[in-house]
Structure formats: C-alpha cells, structure tokens
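Analysis of the macromolecular model
Each chain, letter by letter, is given below.
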Amino acid sequence: MTTTIPIPQPELFSWTECLWFLNRGFDDCMYKISGNTVRRAFEIESEKILVEISHTGNELILDYLTVEPSPKPAAYIHKFITDWFDLDTDLTPFYRLLANHQAVANMHPQYHGLHLVAMPDLFEAIAWGIVGQQINLTFAYKLKRRLVEKYGTSLQFENEAYYIFPKPEAIANANPADLRDLQLSGSKAAYLINIAQNFADGRLSREILLALPDFPARQKYLTTIKGIGTWTANYVLMKSLSERACIPYGDAGLLNALAGLNLIENKQDKASLDAFFEAFTGWEAYMVFYLWRSLA
C-alpha cells in the first residue's frame, strides 16, 4: 500500500514544463519518468525510499512506493521536492520584467509556469558541475551514470533499479585510477576526490554555505576549493542554493541563446551581457534558465 501526500503548488506553475526539462533525452540516472510521473529513490539515515511524484489539479502528489519513512526522512523528502521544483517562488515579479523587455517578452506565454528545476543535493550539484566541464551533455550524462552505478547505491522495485547518488565518503576513498577507468580525466578525478574529502571532513556543506552572509561570500568560499572555478560555483549556487543573482559566465548554452536573440554581438561581449541582465536584477538565474529553455 502506498502513502499519498499532497504538496501545494504556486499559482504560476506548469508540471508539463518541468517534465519537459527533466525529460530532454539525456538519460539522467537519478530519476525515471513515465507519462505524468517521476520516480526517484532516496537513502536517508540508512532508509532506502522510492517515491513517485505526479500532478493533479493544483497540487503535486507524492506517493511512497516502498516504505513509509520515519518523520525526519519524510521531512527531508518533502523539502527536497519543494526545492527541486522551486515551489516556494512566485513568478509574478519575473514575468513583469519579461514583459518589459521586447527581446524576451514572448518567453512568458511560451514557457508559462516553468520553474527553475534545481539540484538540491549540494554534493551531487558540485560533482555534476565538475563532470560536465568542457564536454557535451550527452557524454556528461554517460559519465554521471558510470559514476553513480559504481559508487552509489540502489533499490529494486518492480524489476527496475533506482539509483541513489554516491555519498561523499564513497568517492573520498576512491582510487583515482578507478575514476579514470570511467573515462574521467585525471584532473576531474582529482577534483572529485578533493571535493568529496571536503564534504567528508566537514569543511564543506549546505549548512556552511547558508551560514555565510551573502552570495559573494558563498561564491568566494567555493572558489577557494581546488576544482571549483567561477562557472562551477555560480552554477552550483544557482541550482542547489537557489541564488537568484547567479550568472554562469562563459556557459556555452547561455552565450548561444543571447547571441541567437541578438542580445550580444559576440561570445566575448561581456559588457552587453551585463547590460542585458541589469534589467533582471534579482532574477538573473531565472533569466538564465529561460534562455536555456529557449534553445529548444
């Protein structure tokens, strides 16, 4: 028997748009999509839990498919889903800004209700940022699957395996040669191990970053860690901590979208990029996400 939990959604929200982003054909091994539903596995306090998320009316529906978790894991999963789809954000102010900018005004009706699809697990977000550096997305997702299948855990349900992202300790103790065997470069293998060791030793965590006073302090803290450059720090803060001021400078997709809309003259035109984003102060990360969406 499943346990069903309703999760309220904001007024401006499109499950269809969020599913589109999750189901772009890149084989993300962290969840499975079937029709209107998403399934994802969690491991919290040694409990392995499979959930299914669907949508009906004006709310999301969370079903526990394997076991009903104890209170702390249940609270974690509820918060994870809320953060995953940024359900606490009202898009009304952002849509006002879009309407005032001719070049992107059509994004409001086209992608109406699209919320920033996040990556709430900070370790997963940083690892993904490192794995995906300077390679195409298709290959990046292949590397992610190899990493998760080798170092993560899984649970079986209805003859299917549902994977759980590796704990930092699993990669902190990894042999660099084994990571290179997955086709990770030597530098990426070293960076992943270093990041994992920072988590395992308590030098890096979501709580540490949130305790810092502002976005520049969080960005500075991350970029002091070997393997995390400015792009990775901005991407991680945008996707994992919902820092709305983040602009992942140098991102190929972002630059292609801006160039396609004639908002920058060339991909080194940082002045025009900054001038454009001034119109979206406080919503820069959302503007980036909608520009990525426009590439489809």
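Our structure's up above, just so we're on the same page.
Attention in this report is confined to the structure presented alongside it. (Residues numbered from 1 in each chain as written. Predicted model: local features only at pLDDT ≥ 70, side-chain atom pairs only at ≥ 80, totals over all residues. Heavy atoms only, no water.)

Bringing the overall build of the chain into the picture now. Counting its secondary structure elements, the chain contains 15 helices and seven strands. For 296 residues, the compact-globule formula gives about 19 Å, and the C-alpha radius of gyration of the chain, at 19 Å, lands near that figure. By its C-alpha atoms, the chain is 50 × 50 × 35 Å across when sized along the principal axes. Residues counted as buried form 50% of the 296 residues belonging to the chain. The contacts of the chain with a sequence gap of at least 6 include a subset with a gap of at least 24, amounting to 63%. Split by element, the accessible area of the chain, about 13,600 Å² in all, is 49% carbon and sulfur. Side chains of the chain carry 26 positive and 33 negative charges; the gap between the two charge centres is 6 Å. (Helix = DSSP H or I, 4+ residues; strand = E, 2+ residues; numbered from the N terminus. Rg over C-alpha atoms; globule rule 2.2 N^0.38 Å. Buried < 20%, exposed > 50% of the residue type's maximum accessible area, 1.4 Å probe, protein only. Contact = heavy atoms within 4.5 Å. Areas by Shrake-Rupley, 256 points an atom, 1.4 Å probe, with all protein chains shown as cover. Lys, Arg positive; Asp, Glu negative; His and termini not counted. Charge placed at Lys NZ, Arg CZ, Asp CG, Glu CD.)

The subject of this paragraph is the packing of aromatic side chains. Overall, the coordinates contain 25 aromatic pairs when judged by the stated rule. For Arg 244, the ring lying beneath its charged end belongs to Trp 283, and the centroid distance is 4.1 Å. When the ring centre of Tyr 249 is taken as origin, the NZ or CZ atom of Lys 270, which lies over that ring, is 4.7 Å away. (Phe/Tyr/Trp six-rings, centres within 6.5 Å; stacked < 30°, edge-to-face > 60°. Lys NZ or Arg CZ within 6 Å of the ring centre and 35° of its normal.)

Quick look at the sheet that holds strand S4 (residues 47-56) now. Read from one edge of the open sheet, five strands run S1-S5-S4-S3-S2, paired in antiparallel fashion. The two strands at the open ends of the sheet, each matched to only one other strand, are strand S1 (3-8) and strand S2 (32-34). Shown here is a sheet whose adjacent strand axes are inclined to one another by a mean of 25°, direction ignored. Pairing of strand S3 (residues 37-44) with S4, which is carried by seven bridges, proceeds in the antiparallel orientation. By the bridge assignment for S4, Ile 44 is matched with Glu 47. Contacting S1, S3, S4 and strand S5 (59-64), helix H2 (residues 71-84) crosses the sheet at an angle of about 135° to S3. (Pairing = 2+ DSSP bridges. Axes fitted to C-alpha atoms, helices over the stretch in contact; angles between N-to-C directions.)

Time to look at the nonpolar core. Formed by 98 residues in total, the largest nonpolar core has its most connected members in Phe 85, Ile 126, Leu 147, Phe 277, Met 287 and Tyr 290. Contacts of Phe 85, omitting those with residues within four sequence positions, involve Phe 13, Trp 15, Cys 18, Leu 22, Ile 53, Leu 60, His 115 and Leu 116. Of all hydrophobic cores here, the second largest spans seven residues; its members include Leu 50, Leu 65, Tyr 162 and Ile 164. (Core = buried A, V, L, I, M, F, W, Y, C linked by side-chain atoms within 4.5 Å.)

Glancing now at helix H3 (residues 92-99). Every buried residue belonging to H3 is among Phe 94, Tyr 95 and Leu 98, and all of these are buried. When H3 is viewed along its axis, its buried side chains cluster within an angular range of 95° and face the same direction. Residues of H3 that are exposed and point more than 90 degrees away from the buried face comprise Arg 96 and Ala 99. (Arc of directions from axis to C-beta.)

Counted under the stated rule, the structure contains 15 salt bridges. Arg 40 is the salt-bridge partner of Glu 124, the closest N and O atoms lying 3.2 Å from each other. In this pair, Glu 124 is assigned in helix H5 (residues 122-131) and Arg 40 in strand S3, connecting sequence segments 84 residues apart. In this structure Glu 124 comes out as buried when scored by relative accessible area, which is 3%. Look at Arg 40 and you get buried, because its relative accessible area is 6%. The salt bridge partner of Arg 206 is Asp 83, with a shortest N-O separation of 3.9 Å. Pair noted here: Arg 206 is in helix H10 (residues 206-211) and Asp 83 is in helix H2, with a separation of 123 residues, a long-range link. Of the residues examined, Arg 206 reaches a relative accessible area of 22% and is grouped as partly exposed. Using a relative accessible area of 16% as the deciding quantity, one classes Asp 83 as buried. (Salt bridge = Lys/Arg side-chain N within 4 Å of Asp/Glu carboxyl O.)

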